Amino acid sequence: MSKFRDELTRLAVAERDKREGSVLSNPGMHFPWLQERIETVVTGGKKKRDFTQTTSVCLSFIQEALLKHRWQQAADYMHSYLQTLEDSDTFKRQAAPEIIWKLGSEILFYHPKSNVETFNNFADRMKNIGVLNYLKISLQHALYLLHHGMLEDANRNLTDAEAWRYGEKSSSQEVLINLVQAYKGLLQYYTWSKKKKELSELDEDDYAYTAKSQNMLSQSCKTSASISALLKTPGVWDPFVKSYVEMLEFYGDQDGAREILTNYAYDEKFPSNPNAHIYLYEFLKREKAPRAKLISVLKILHGIVPSHPLMLEFHMMLRKSETEEHQKLGLGVLFEFLDFAGCTKNITAWKYLAKYLKQTLMESHPAWVEEEWKSRRNWWPAFHFSFFWAKSDWKADADLAYEKAFVAGILLGKGCRYFRYILKQDHKTLKKKIKRMKKSVKKYSIVNPGVRT
């Protein structure tokens, strides 16, 4: 324990000589009552309630220091909080190592005087103290090493964790072991991708090409073995899926890649994950799958994230479909996309909507437009088409303002403030387009003329 305490206090600065009977929270602020409680515990006093209160107060001070990024102060309090490892309460004593690890690693990650050696020593000691958290600590330790570009050390750390066992193998321990193996697989994938890049720069007739190709195959087999077990466990495993599928595609195993992605997207055991459907769509697109198949995948993505950029691609597919149901949905997809604040400046979406509104009304489907507009007429005018937005949009992007004005004119008529403001602007490039817009709005607007909004 003394060595462990020394590791944390090694970061303390020399300015502690004024703290004889107190604990610092901020420069100039002292808490003698807290020190008294700490001393009661350290000197073997019988006030067990004081012990509990002291560690509880210490923990709240550490949390506050972390929130305010006062790393030195957090390290100081951490030194006192280590007492909780000796708590008489069994539950608290067992929970302490994980709390200390999480807080301590956060402090050491950001502390200006911390370094890799300090973090390594801390992690190694925590693995011994918090034996039940060995796998979690090993995994986070490896990620820390990866963050610092120490791939070999991270791989060695994961290899040790992979071979570690404690007591009977539980289901939670099995998931952690699979996760450790999968991260080891990611490191192997990184090596494989570097060799792939090197291979692309060689001539296929070159002897080195054959050697590197065989080496890559061996590396991919290791990666496959490391990652495949994890992908059978429900969870969000995006980086592992992408890496694994890339290798399967590289070696021509399209069926294997499709099976992995299909299960990841549609298996009910896995949580809802937009990326799973994106990866499947991108794969099917590379395979030049039928449009109906692509539409079915994007339809699910639309239900989860209607503001995703792929919705514009989805709209174009629906628009080109011969099915009237798809054509109608294509209009709804655009309206839903523009319901989101993050999409309001997307000029492509406004262009598509302006063009498709005109097409829909030309083809005598005003009911489609009315259906979409019914739920939006009370809030879209202020959200998109206010006088403020007209001035702001015109100043920032005249092309965007033109497209929005066209839509505003169709939905709100010539009396719309947005439409009227853009109509009055003198712009060399857009002058002719604005005149045509005026005619189109007069012909296709879904509201009575003269209504002001």
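Check the entry above for the structure.
Residues numbered from 1 in each chain as written. Predicted model: local features only at pLDDT ≥ 70, side-chain atom pairs only at ≥ 80, totals over all residues. Heavy atoms only, no water.

Regarding the overall build of the protein
Point 1. A tally of helices and strands in the protein yields 23 helices and zero strands.
Point 2. Out of the 453 residues belonging to the protein, those deemed buried represent 45%.
Point 3. Across the protein, the fraction of contacts at a sequence separation of at least 24, relative to all contacts at a separation of at least 6, is 62%.
Point 4. With an accessible surface of roughly 24,500 Å², the protein has 51% of that area assigned to carbon and sulfur atoms. (Helix = DSSP H or I, 4+ residues; strand = E, 2+ residues; numbered from the N terminus. Buried < 20%, exposed > 50% of the residue type's maximum accessible area, 1.4 Å probe, protein only. Contact = heavy atoms within 4.5 Å. Areas by Shrake-Rupley, 256 points an atom, 1.4 Å probe, with all protein chains shown as cover.)

Looking at the side chain of T344
Point 1. Position of T344 relative to the elements: it lies in the loop between α16 (324-337) and α17 (347-362).
Point 2. Classification of T344 by relative accessible area gives buried; the value is 13%.
Point 3. A polar side-chain atom of T344 sits 3.0 Å from the main-chain carbonyl oxygen of A341. (Polar contact = N/O pair within 3.5 Å; in protein donor to acceptor, adjacent residues only side chain to side chain.)

Some points on helix α12 (residues 254-266)
Point 1. In this model α12 runs 18 Å from its N-terminal to its C-terminal C-alpha over 13 residues, within 8% of the 18 Å that 1.5 Å per residue would give.
Point 2. Among all positions of α12, only G256, A257, L261, Y264 and A265 are buried. Mapping the buried residues of α12 onto a view down its axis gives an arc of 160°, with all of them on the same face. Every exposed residue of α12 that faces more than 90 degrees away from the buried side is listed here: D255 and E259.
Point 3. Contacts from the buried residues of α12 go to α11 (238-250) and α13 (274-286). (Expected span 1.5 Å × (residues − 1). Arc of directions from axis to C-beta.)

Describing the packing of helix α14 (residues 291-304) against helix α15 (residues 310-320)
Point 1. Across the interface, α14 lies against α15 with an axial gap of 10 Å and an inter-helix angle of 135°. Classed by the angle they form, the pair α14 and α15 counts as oblique. Helix-helix and strand crossings are classified by hand; for α14 and α15 the assignment is left-handed. Residues R291, L294, I295, L298, K299, L301 and H302 of α14 lie in contact with α15, whose contacting residues are L310, M311, F314, M317, L318 and K320. (Axes fitted to C-alpha atoms, helices over the stretch in contact; angles between N-to-C directions. Parallel < 35°, antiparallel > 145°, perpendicular 65-115°, else oblique. Left-handed = near helix turned anticlockwise from the far one by under 90°.)

Considerations on a positive patch on the surface
Point 1. Together, K432, K435, R436 and K439 line one region of the surface with positive charge.
Point 2. If you trace the backbone, K435 turns up in helix α23 (residues 431-444).
Point 3. By relative accessible area, K435 is classed as exposed at 58%. (Patch = residues over 30% accessible without salt bridge, like charges linked within 9 Å, V, L, I, M, F, W, Y side chains within 5 Å. Salt bridge = Lys/Arg side-chain N within 4 Å of Asp/Glu carboxyl O. Lys, Arg positive; Asp, Glu negative; His and termini not counted. Charge placed at Lys NZ, Arg CZ, Asp CG, Glu CD.)

Digging into the packing of aromatic side chains
Point 1. Scanning all chains against the criterion turns up 25 aromatic pairs.
Point 2. Aromatic pair W237 and F240: ring centres 6.3 Å apart, planes at 70°, arrangement edge-to-face. You'll find W237 and F240 in the same group, each marked buried.
Point 3. One cation-aromatic arrangement involves K127 over Y134; the distance from NZ or CZ to the ring centre is 6.0 Å. (Phe/Tyr/Trp six-rings, centres within 6.5 Å; stacked < 30°, edge-to-face > 60°. Lys NZ or Arg CZ within 6 Å of the ring centre and 35° of its normal.)

What about the side chain of Q327?
Point 1. Along the chain, Q327 falls in helix α16.
Point 2. Side-chain polar atoms of Q327 contact the backbone oxygen of S321, separated by 2.8 Å.
Point 3. Residues in contact with Q327, not counting those within four places in the same chain, are L318, R319, S321, E322, Y356 and W368.

Overview of a nonpolar patch on the surface
Point 1. A grouping of L217, F250 and Y251 is seen on the molecular surface, where their side chains present a nonpolar patch of about 260 Å² in accessible area.
Point 2. Take L217: it is sitting in helix α10 (residues 207-228).

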